[in-house]
Structures are given as structure tokens and as C-alpha cells.
Amino acid sequence: MMNDNFSFNPVTITGIGRYIPETVITNEDIAKLVDTNDEWITSRTGIKQRRVVSGNQTATSMASKAAIDALEFAGVKADEIDLIIVATSLPDSLYPSTACEVQAEIGAVNAAAFNIVAACTGLVYGLNIARNFIMTGTYKKVLLLGVDVHSRFLDWNERSTCILFGDGAGALILEQSSDGRNDILSVDMHANGEKAGELSIPLNGKNCPLVEPNETKQQYVNMNGKEIYKFAVSVVPRSIKDALIGAGLSIEGLDYLIPHQANMRIISSIMDRLGLKEDQVIANLDKYGNTSTASICVALMEEILNGKIKQDSIMAMCGFGAGLTWGTAIVRWRAKDKRKK
Ligand code: UT7
């Protein structure tokens, strides 16, 4: 017999974690590699330094550390996790997935695991996938990770791209809420593949022996910076407004904006277009650069640990990037750090 009585399970975030590698590359360091300077980079992007992997650090090792951080925050054991989703565009291997590697690394023996690719919107896309699995009752506890190792895919002779990115990993634990309150209030997601060529890392040349190697198109970030800039400031404010409408809120109901940390001028423009105040907007890209899928968690966690983001704060987490993809999640923050007495 068909069951028409669907009801959705409420979803909440119970944990957050991050990992940023130790090695720092300052603007002055980059000025020794290419024709640039700290003043140009700071005024055009807001970035002062970024962190990059070294030695045997990988996307998997960073994601695993962020995962353990988030599990401890949530007070959840690895073997309680039902599903691992890793949002990454720059995994260590085409397969196996980073999610499977993390599963083994942290001992999440009961979890299914897969990767998704939505570039710097990956965390927002992943959040929507995770919450739908929980809402429909398929899973109870999901570990969502965002990790990218851009430093290995940058042309360090190309000044318009090598200044922008840093490496890092972020993690969220999503669970079926135990008190019936739903905290993922809405998610708005978009893509426009017609503009895919504006930001890409082509897979060609050396790795495809059946085609002629194309030396001018190595597997580095290829970006039309101006187009990406214009795209971000034009679509993101609309997405935030639509996500707020989806959550039944107006801009006055929003406490904080946690934007993808790409460029301070993009962030300021979004802030102005929405009429938000400076202290409502979370930004730490001066220290870490653009950490891609990790950037929202990396920024959010800092403000949770320093107490700025408090219980019941309503946040808009918005991402934009290659694809092109963009989207916003409206989230009420209620997680308590279980490590604190
Ligand atoms: O996750 C999404 C990832 N992507 C982004 O967020 C990128 C968004 N776009 C941007 O952030 C900006 O477009 C950039 C920071 C990449 C570039 O800033 P811009 O104000 O759009 O500069 P531009 O590309 O128009 O370049 C202006 C000038 C050019 O020189 P000419 O042609 O005017 O002589 C560039 O060659 O600045 C030059 N330039 C630099 N000069 C010093 C470009 N990069 C540099 C540099 N240092 N690092």
C-alpha cells in the first residue's frame, strides 16, 4: 500500500572543524616569484598571506584532520557517521574518492562515501545533499567536508592567479535534530555551464597520451578574473535574497553573512548591495586567501571559537565559483562545542 503521509525529519548542524596547513606564503614571498607587490595584492583582493601544503600533506590528510576536529566538536564517534560527502575539485586521485580515503583514515566504518564537484560552491551544494538525506530519513548523521589543494594546480609564474588561493579543509556534522527544531532553513543552488570556460583546470596534455600535448594549456587554474568578479557580484546578492525568501525571512532577519572568501572587494560589494553592516560580514581571507570549498567553514569556525557567532544566530552561507556555480544556505547556528566543560 502506498504511504502518502510523508513528514520530513528536522536537521541541525552539531559540529564544525577545519584544518589549515602550517606553511605560510606572504605577498612578499610571491613578489619574489612574479612581478607583483603587497600593495597591489592587498588593495585588489584583501589577501595578505595564504597557507599551502608541504611534505606529504594531501587533500585526504587535511580533510581527515578537519573531520576529526568536527567529530570532537559534536561529540560524535566516527563509527556513528552514516555518510561522508567530500566537496572537492582537487582530489589526490581521480579515484578512489577522497571521501573513501577519509572514511578509512578516521575509521568511519559504517559510512557510505562519495565526492561531489561544485568548486567553491561545494559546501553549499553538499549541505543541501546532506540535509535531504537526513530530512527523508535515509541517514541520521552526515559528515560534510570541503577541501582543496590549489597550490598544486597554480602556475606560480602567473601573477593574476597565484596570488589568490590557499589550501585548507573544513568540516560540518549534520544530524537529525533531537528536539524537533529544523536549523537548515533553506538552500538556493544554481549553475550556468555556458560560462564554464571562464574558470577551469583543463585535464589534458601530459595525462592524455592519445591527444597532442598542449603546452599552453597545462593543468593549472585558467581564469578570466574580471568575468568571475562581475558574475559573483551580480548573482550572489539575488541568491541570498531568494534563500531568505525560502526561509520566510527578510534581510533584517539575517544576523551574519559568511561568504566564500574569494576577494574582499567582491565581499564588500555583496555587503553594500544587501545593505548589511560591516560587522555582520565574516571575512578572514587576509590570513588564508581563497581556500575554495573550505573557505566558508574556515571563516565560520573562527567566529564560533571567538564567540562572535552565538546560539540561534541566523547566517547566510554563500558560495560561487567554477561551473559556474553559486548558491546560498540559510542556517540557524545551535551547535555547542562538546569539548568545552
Ligand atoms: O573562487 C572564485 C575564484 N576567482 C575569483 O574570485 C576571481 C575574481 N576576480 C578577481 O579577484 C580580480 O579580477 C583579480 C584580483 C583576479 C584581478 O583584479 P582586477 O582588478 O580585475 O585586475 P585586472 O585583471 O583588470 O588587471 C589590471 C592590471 C593588468 O595590467 P594592465 O593590463 O592594466 O597593464 C594586469 O596585468 O593588473 C595587472 N595584474 C597585476 N599587477 C600586479 C594582474 N595581476 C597582478 C598582480 N600584480 N598580481
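Residues numbered from 1 in each chain as written. Predicted model: local features only at pLDDT ≥ 70, side-chain atom pairs only at ≥ 80, totals over all residues. Heavy atoms only, no water.

S.K.: Pulling in residues and values, what's your account of the pattern of salt bridges?
M.R.: One pass over the full model with this rule turns up 15 salt bridges. For aspartate 35, the salt bridge goes to arginine 159, with nearest N and O atoms at 3.7 Å. One end of the pair, aspartate 35, is in the loop between helix 1 (27–31) and helix 2 (38–45); the other, arginine 159, is in helix 6 (residues 159–162), with 124 residues separating them in the sequence. Looking at aspartate 35, the relative accessible area reads 64%, which means it is exposed. For arginine 159, a relative accessible area of 47% puts it in the partly exposed group. Arginine 238 is the salt-bridge partner of aspartate 242, the closest N and O atoms lying 3.0 Å from each other. With aspartate 242 and arginine 238 both in helix 7 (residues 225–246), this residue pair falls 4 residues apart, about one helical turn. (Salt bridge = Lys/Arg side-chain N within 4 Å of Asp/Glu carboxyl O. Helix = DSSP H or I, 4+ residues; strand = E, 2+ residues; numbered from the N terminus. Buried < 20%, exposed > 50% of the residue type's maximum accessible area, 1.4 Å probe, protein only.)

S.K.: If you had to explain the site of the ligand to someone new, which residues and values would you point to?
M.R.: Close to the ligand lie 21 residues, the nearest being Thr36, Arg44, Lys226, His260 and Asn263. Within the contact set of the ligand, a nitrogen atom lies 2.6 Å away from a side-chain nitrogen or oxygen of threonine 36. At a separation of 3.0 Å, an oxygen atom of the ligand approaches a polar side-chain atom of asparagine 290. Burial of the ligand by the protein amounts to 75% of the accessible area it has alone, namely 950 Å². Looking at the shell around the ligand, the elements that each hand over two or more residues are helix 2, helix 6, helix 7 and helix 8 (264–274). Each residue belonging to the shell around the ligand can be placed in one class, and the counts come to 9 nonpolar, 7 polar and 5 charged. (Near = heavy atom within 4 Å. Polar contact = N/O pair within 3.5 Å; in protein donor to acceptor, adjacent residues only side chain to side chain. Areas by Shrake-Rupley, 256 points an atom, 1.4 Å probe, with all protein chains shown as cover. Nonpolar A, V, L, I, M, F, W, Y, C, P; charged D, E, K, R; others polar.)

S.K.: Describe the domain arrangement of the protein chain, listing the residues and the values that go with them.
M.R.: By domain assignment, the protein chain separates into domain 1 (11–176) and domain 2 (184–333). A straight line from the C-alpha centre of domain 1 to that of domain 2 covers 14 Å. Each partner contributes residues to the interface: domain 1 has 51 residues there, and domain 2 has 49 residues. Interface area, domain 1 with domain 2, both sides summed: about 4,000 Å², of which 68% is carbon and sulfur. Here domain 1 and domain 2 share 1 salt bridge between them. A salt bridge links arginine 18 to glutamate 302, with the shortest nitrogen-to-oxygen separation between them at 3.1 Å. (Domains from an automatic or database assignment. Contact = heavy atoms within 4.5 Å. Buried area = accessible area lost by both parts, 1.4 Å probe.)

S.K.: An account of the nonpolar core is requested, with residue identities and associated values reported.
M.R.: Core analysis: the largest hydrophobic core is formed by 40 residues, its most contacted members being Phe231, Val236, Ile240, Leu257, Ile270, Leu276 and Phe320. If you list the elements that add at least two residues to this core, you get helix 7, helix 8, strand 12 (313–321) and strand 13 (325–333). No other element matches the 9 residues that helix 7 contributes to this core. Counting contributing residues per domain, this core is built from domain 1 (11–176) and domain 2 (184–333), each supplying no fewer than three. Aside from chain neighbours lying at most four places away, what touches leucine 257 is Ile240, Ile270, Leu276, Gln280, Val281, Ile282, Ala316 and Cys318. With 38 residues, the next largest nonpolar core counts Leu83, Val124, Ala130 and Met301 among its residues. (Core = buried A, V, L, I, M, F, W, Y, C linked by side-chain atoms within 4.5 Å.)

S.K.: Before we move on, could you go through the packing of aromatic side chains and cite the residues and values that matter?
M.R.: Under the criterion given, the structure shown has 3 aromatic pairs. Between the aromatic rings of phenylalanine 73 and tryptophan 333, the centroid separation amounts to 6.4 Å while the plane-to-plane angle is 70 degrees, which identifies the pairing as edge-to-face. Of this pair, phenylalanine 73 sits in helix 3 (residues 59–74) while tryptophan 333 sits in strand 13, placing them 260 residues apart in sequence. For the pair shown, phenylalanine 73 and tryptophan 333 are each scored as buried. Ring geometry for phenylalanine 133 versus tyrosine 139: centroids 5.2 Å apart, planes at 50 degrees, classification tilted. (Phe/Tyr/Trp six-rings, centres within 6.5 Å; stacked < 30°, edge-to-face > 60°.)

S.K.: Now, about helix 8: what can you tell me, with residues and values included?
M.R.: Where helix 8 is concerned, the buried positions are Ile266, Ile267, Ser269, Ile270, Met271 and Leu274. Each element contacted by the buried residues of helix 8 is listed here: helix 7, strand 11 (256–259), helix 9 (285–288) and strand 12. With a side-chain oxygen lying 2.7 Å from the backbone nitrogen of arginine 265, the N-terminal cap of helix 8 falls on asparagine 263. Of the residues trailing helix 8, glycine 275 is marked for its positive phi of about 70 degrees.

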